[in-house]
Amino acid sequence: MMCDFSYHLPVHLEFGYGKVEKVGSFCIHYGKKVILVTSKGGSAKRNGYIEKLTASLYKEDISFILFDQVTANPLLSTVYAGAAIAKENKCDIVIALGGGSTIDCAKGIAFAVCNDGDLTDYIKGHIQVEKALPIIAIPTTCGTGSEGNTFAVLTDENTHNKKALCSSCLLPVVSIIDPQMMSSMPLSVFSAVAFDALCHHMESFLSSACQPFVEMQALYAIQLFRGNFFRAYVDTEDKNAWCAMSLISILGGMNIQMAGVTAPHGLEHPASGLRNIVHGRGLAALVPCIFEKSISAAPHRFADLAQALGGKNEHDCVPILKAFLARAGLTTTLSHEGIFPSDLEWMVKNALRISRSSLLLHPKVFSKEEVKEIYMECM
Ligand SMILES: [Zn+2]
């Protein structure tokens, strides 16, 4: 096999039930004053997670200030607000406790504390820096994989551009993956985030930047998904299934770090950037149609994907995914998620401009007309 690649991802994972109770002992190496970032919804508090975590911080004599203002599809303005509080209180470490939006927002805060000016300049890559406060990520959902990569996907509320801030300093110094922290997710959230994780694997596998480690992890994770999603779905006490789902998430985050995402994420980001729709549901609306139109460009890759999903050949891929989406309550359309027909023109332009690199990694590079056609078919 001929191949040529590099792989560098020094992520410190602490994985296992009960690990969150040790957060203080990890934190002490990096700082004494924490900004604890959580979502606005208050689920971290309701589920007793904040109490668990702060008990461990107090044990190590670490103080904290709570920033509980993060919303889904986190905004740059929230990042700036959090950074101002962190600066004012002289915080020297950021702990993210929540789903992908919370972790991404916390990464943005850690970055903005150390780097002045407009974050969009850094997102566009006009300025490259490698300086941020240390980040400890504690995911409470299993989808984004942000706990295992250097991305922070943020939305600029002025332009609706949804794009990743990328810097090696955004890799958490420790990620504590405690499956116990995930079992309080409502089923509708679980389905959507888990499908996002599956997409990270399918897309990194299909990406033209795929390489042996990504391929290995993707095929392993897709098979794990197949065997464990519905077991976790019906039983929050099934520890093996929840460990598997948590592992799939982190492996997905690592895979997109190395091989990127492709057309499904590229076309979904304009939708959630513009109308604040649920990322995993946006993907569910788009994936079957995008894959249907891509199979002929890479039949062998889709055949491998289909086999990992439990099928025989490339033509089984889309029917299997459609059946999964139906059973998981994820069959949907863009219009059902809140996209208006009048949005499509903006979305096409935004996808071709902001998501260009993802579209170029897809096995079939879609033209402007084809992108429009996909959006229309998914309405
Ligand atoms: Zn995603």
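Placed above this text is the structure.
Residues numbered from 1 in each chain as written. Predicted model: local features only at pLDDT ≥ 70, side-chain atom pairs only at ≥ 80, totals over all residues. Heavy atoms only, no water.

**Q** Requested: an account of the pairing of strand S4 (residues 93-98), with residues and values cited.
**A** Every regular strand shows the same layout, with side chains that alternate between the two sheet faces. Burial analysis of S4 places six of its six residues in the buried class, the great majority of the element. Both faces of S4 are covered, namely the face carrying Ile-93, Ile-95 and Leu-97 and the face carrying Val-94, Ala-96 and Gly-98. In this structure, strand S2 (residues 33-39) lies alongside S4, joined through four bridges in parallel fashion. Its bridge partner lying in S4, Val-34 is registered against Ile-93. Strand direction decides the pairing type here: S4 and strand S5 (residues 135-139), joined by five bridges, are parallel. Across the sheet, the residue bridging to Val-94 is Ile-135, located in S5. (Buried < 20%, exposed > 50% of the residue type's maximum accessible area, 1.4 Å probe, protein only. Helix = DSSP H or I, 4+ residues; strand = E, 2+ residues; numbered from the N terminus. Pairing = 2+ DSSP bridges.)

**Q** How would you sum up the sheet that holds strand S8 (residues 174-177)? Please name residues and give values.
**A** Spatially, the six strands line up as an open sheet ordered S1-S8-S5-S4-S2-S3, and their pairing is parallel. The sheet is open, and its two edges are formed by strand S1 (13-15) and strand S3 (63-70), each paired on a single side. Strand-to-strand twist in this sheet, taken as the mean axis angle between neighbours without regard to direction, amounts to 15°. Against the sheet, helix H3 (residues 49-59) engages S2, S3, S4 and S5, with an angle of about 155° to S4. The sheet contacts of helix H9 (residues 239-259) involve S1 and S8, and relative to S1 the element is tilted by about 165°. (Axes fitted to C-alpha atoms, helices over the stretch in contact; angles between N-to-C directions. Contact = heavy atoms within 4.5 Å.)

**Q** Before we move on, can you summarise the environment of Val-23 with the specific residues and values?
**A** Note that Val-23 resides in helix H1 (residues 23-27). Considering only alpha carbons, one finds Val-23 and Glu-60, 37 residues apart in sequence, at a separation of 9.5 Å. Excluding residues within four positions of it along the chain, Val-23 makes contact with Leu-53, Ser-56, Leu-57, Ile-95, Ile-136, Ile-138 and Ile-176.

**Q** Would you mind going over the state of the cysteines in detail, with residue names and values included?
**A** In this structure the tally under the stated criterion is zero disulfides. We note that Cys-166 lacks a disulfide partner, and the nearest cysteine sulfur, in Cys-169, lies 11 Å from it. Lacking any disulfide linkage, Cys-169 is separated from the closest cysteine sulfur, that of Cys-114, by 7.8 Å. We classify Cys-169 as buried; its relative accessible area is 14%. (Disulfide = S-S within 2.5 Å.)

**Q** Which residues make up the coordination of the zinc ion, and what are the values?
**A** Ligation of the zinc ion by protein atoms is provided by Asp-196 (OD), His-200 (NE2), His-265 (NE2) and His-279 (NE2), these donors lying 2.1 to 2.3 Å from the ion. Taken together, the four donor atoms surrounding the zinc ion define angles of 82 to 166° at the centre, an arrangement classified as irregular. (Donors = N, O, S within 2.8 Å, 3.2 Å for Na, K, Ca; no water. Tetrahedral: all angles 85-135°; square planar, octahedral: opposite > 155°, others 65-115°.)

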